[in-house]
Amino acid sequence: MLEIKDLHVSYGGIHALRGVSLTVPDGKIVTLIGANGAGKSTLLRTISGLVKAESGSVQMDGKELLSQPIDRIIAEGIAMAPEGRRVFADLTVLENLKIGAYLRNDKEQIEKDLKWIYSLFPRLEERSWQMAGTLSGGEQQMLAVGRALMSRPKILMLDEPSLGLAPIVVKEIFDIIRKVNADGITVLLIEQNANMALKVADIAYVLETGNLTMSGTGAELLADEHVKEAYLGKQKK
């Protein structure tokens, strides 16, 4: 279980996270929704060690992670597919996937996990030889998720996985999120497509200008009038 307590993060003169506390239980899909600039990506980047917190706590199964280097955080079971995909454009699909397993030395299991990734994303197997920079946006997103999964994470963090993708590809990505979760991997999802995110989420939070303002099940927030008006594009009657 991942526990964030009273997390404060500032950079560039901006107080990006203001005492954020939330829990990501094992085996669940947890989503954060909110407008651009709310602090959603900052939260994931802080958990993964890319951004330093001023104060607070990030614990994975009782172990404090805030002071740990990025490699240690990955080794503890947290992996992230970042916003914008950020694949290694000049490497092949297969090379990108193997980079995701760079902390591992269990070669036989790595090969099994490659087959698992290919079962989730058949197009990646078809294009295993292809340079990642020549893939479509949707294929690059699949590769970013697959690369994160190759570290065998307990928690998969996804930062805006549907950004810039066609609706049919978005549906495919969310189907994969469900499959990954069904295989026992906890998911922490940051997503501007609030409707899709809340439909898939067990637990949901609303982040507004660095503050958590609402929480509940995905279904509860889908039905909430404030959420409908602010994030689902539905006008108040």
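Presented here is a report on the structure given in the accompanying data block. (Residues numbered from 1 in each chain as written. Predicted model: local features only at pLDDT ≥ 70, side-chain atom pairs only at ≥ 80, totals over all residues. Heavy atoms only, no water.)

Below, the discussion takes up the sheet that holds strand β7 (residues 155-159). As summarised here, the arrangement of the 6 strands in space is β6-β7-β8-β3-β9-β10, forming an open sheet in which the pairing is mixed. Strands at the two margins of the open sheet, each flanked by one partner only, are β6 (78-81) and β10 (211-217). The mean inter-strand angle of the sheet, taken between neighbouring strand axes irrespective of direction, is 20°. Inspection of the sheet shows strand β9 (residues 203-208) paired to β10 by 6 bridges, in the antiparallel sense. From the neighbouring strand, Val206 faces β10, where its bridge partner is Met214. Seen against the sheet, helix α1 (residues 40-47) touches β3 (29-33), β6, β7, β8 (186-190) and β9 and runs at an angle of roughly 145° to β7. Along the sheet, helix α6 (residues 137-149) contacts β6 and β7; its crossing angle with β6, the most-contacted strand, is approximately 170°. (Pairing = 2+ DSSP bridges. Helix = DSSP H or I, 4+ residues; strand = E, 2+ residues; numbered from the N terminus. Axes fitted to C-alpha atoms, helices over the stretch in contact; angles between N-to-C directions. Contact = heavy atoms within 4.5 Å.)

Turning our attention to the environment of Asp90. Residue placement: Asp90 occurs in the loop between β6 and α3 (93-99). As a C-alpha pair, Asp90 and Ala132 span 42 residues in sequence and 6.5 Å in three-dimensional space.

Pairing in this open sheet of 4 strands is antiparallel, and the strands run β2-β1-β4-β5 from one edge to the other. This sheet does not close on itself; its edge strands, each paired only once, are β2 (14-24) and β5 (63-64). The pairing of strand β1 (residues 2-11) with β2 spans 8 bridges and is antiparallel. By the bridge assignment for β2, Ile4 is matched with Leu22.

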